[in-house]
Amino acid sequence: MSRAEDLDRIADGLREAARAVKPFTPGDVDFEVKNAAGDPLTAADQAADAVLKRILPRSGEGWLSEESADDLARLECHRVWVVDPIDGTREFVEGIPEWCISIGLVEGGTPVAGGIYNPATDELVIGSLETGVTYNGAPARATERVGLRGAVILASRSETRRGEWARFGDGGFEVRPCGSVAYKMALVAAGRIDGTWTVVPKNEWDVAAGAALVRAAGGVVTLLDGTDRTFNQADPLMPDFLAVGRGMFDAVVEACRPR
């Protein structure tokens, strides 16, 4: 299996999942609450999940999706597809164009390739560690900014609403709320924004594709304390993460250090 074939499969998956979601109207879609956290689930999530599961995994490859029952047989697989059929379902339900389809490929615990597509804005970011990244077909790189002063950072809309970013108010950089985690990471990989991080736990399916893309674009993805994270864990919940251009990494780790 070549990396070009992996990227073709990712592109096919994104295209077909977007087609499966198209009959549903963002902002006017029925949903149910699927957990105690109040997270919504729509038929669009389930339709996209079914398409991706049909297209992506092949014999011997594992599968981890937000909308599928977790089969821990994936832990024995070298190659694992880690996907979120709709990342930002809350935004999808509310009609906010900050949601996306996210596909990540993990090999030996490392995110190596990914694709993120926002059908609402028609933005596609796809790539791998070997090939680099493209944004709507054009080569892209993470920001080359050094340090945090003057940077634009995307933050979780819900985290900012709860006041969890208040401590960064005098950090010398602009904080912009945005929905989907994966979409934020795609914009970092494309160099459209300087960085993003989260101060609350996220799951591997939120982050795997973006981690591959940001790293492939020359950026850095780690936990907030600067340590690396191995993917395809039995418990996919991550405590936090950051995704920034390499020249900003030290400044972000320092800014996020507990006081």
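In short, a report on the structure. (Residues numbered from 1 in each chain as written. Predicted model: local features only at pLDDT ≥ 70, side-chain atom pairs only at ≥ 80, totals over all residues. Heavy atoms only, no water.)

### So, the overall build of the protein
- Counting secondary structure elements, the protein contains 7 helices and 16 strands.
- For a compact globule of 259 residues, the expected C-alpha radius of gyration is about 18 Å, and the protein comes in at 17 Å, within 12% of that figure.
- Principal-axis analysis of the C-alpha atoms places the extent of the protein at approximately 45 × 40 × 35 Å.
- Relative to its 259 residues, the protein shows a buried fraction of 56%.
- For the protein, contacts bridging at least 24 residues in sequence account for 63% of all contacts bridging at least 6.
- With an accessible surface of roughly 11,000 Å², the protein has 49% of that area assigned to carbon and sulfur atoms.
- Each charge class in the protein was averaged separately, 28 positive and 40 negative side chains, and the resulting centres sit 4 Å apart. (Helix = DSSP H or I, 4+ residues; strand = E, 2+ residues; numbered from the N terminus. Rg over C-alpha atoms; globule rule 2.2 N^0.38 Å. Buried < 20%, exposed > 50% of the residue type's maximum accessible area, 1.4 Å probe, protein only. Contact = heavy atoms within 4.5 Å. Areas by Shrake-Rupley, 256 points an atom, 1.4 Å probe, with all protein chains shown as cover. Lys, Arg positive; Asp, Glu negative; His and termini not counted. Charge placed at Lys NZ, Arg CZ, Asp CG, Glu CD.)

### Digging into the packing of aromatic side chains
- Scanning the entire structure with this criterion turns up 6 aromatic pairs.
- Between Phe168 and Trp197, the aromatic rings sit 5.4 Å apart at their centres with planes inclined by 75°, giving edge-to-face as the arrangement. With Phe168 in the loop between α4 (157-161) and β11 (174-178) and Trp197 in strand β12 (residues 195-198), this residue pair connects regions lying 29 residues apart in the sequence.
- Take Phe168: its relative accessible area is 4%, and that puts it in the buried class.
- Classification of Trp197 by relative accessible area gives buried; the value is 1%.
- Pairwise contacts between aromatic rings join Trp165, Phe168, Phe173 and Trp197 into one cluster. (Phe/Tyr/Trp six-rings, centres within 6.5 Å; stacked < 30°, edge-to-face > 60°.)

### Comments concerning the nonpolar core
- Core analysis: the biggest nonpolar cluster contains 39 residues, and Val125, Met185 and Val207 have the highest contact counts within it.
- Excluding anything up to four places from it in sequence, Val207 contacts Val181, Met185, Lys202, Phe231, Met238 and Phe241.
- Leu7, Trp63, Trp99 and Ile101 belong to the second-largest nonpolar core, a separate cluster that totals 28 residues. (Core = buried A, V, L, I, M, F, W, Y, C linked by side-chain atoms within 4.5 Å.)

### Concerning the pattern of salt bridges
- What the rule picks out here adds up to 21 salt bridges.
- Two residues, Arg79 and Glu61, come together in a salt bridge whose shortest N-O distance is 2.9 Å. Note that Arg79 is positioned in strand β4 (residues 79-87) and Glu61 in the loop between α2 (43-55) and β3 (62-65), a separation of 18 residues in sequence. Each member of the pair, Arg79 together with Glu61, is buried.
- It is possible to trace a salt-bridge network through shared partners that takes in Arg3, Asp6, Arg9, Glu61, Arg79, Glu107 and Glu130. (Salt bridge = Lys/Arg side-chain N within 4 Å of Asp/Glu carboxyl O.)

### Here we look at the packing of helix α1 (residues 3-21) against α2
- Orientation of α1 relative to α2, taken along the N-to-C sense of each, is 150°, at an axis distance of 8 Å. One way to sum up the angle between α1 and α2 is to call them roughly antiparallel. As α1 runs across α2, the sense of the crossing is right-handed. Here Arg9, Asp12, Gly13, Glu16, Ala17, Ala20 and Val21 of α1 lie close against α2, whose contacting residues are Ala44, Ala47, Ala48, Val51, Leu52 and Ile55.
- When its residues are assigned to classes, the contact of α1 with α2 shows 9 nonpolar, 1 polar and 3 charged. (Axes fitted to C-alpha atoms, helices over the stretch in contact; angles between N-to-C directions. Parallel < 35°, antiparallel > 145°, perpendicular 65-115°, else oblique. Left-handed = near helix turned anticlockwise from the far one by under 90°. Nonpolar A, V, L, I, M, F, W, Y, C, P; charged D, E, K, R; others polar.)

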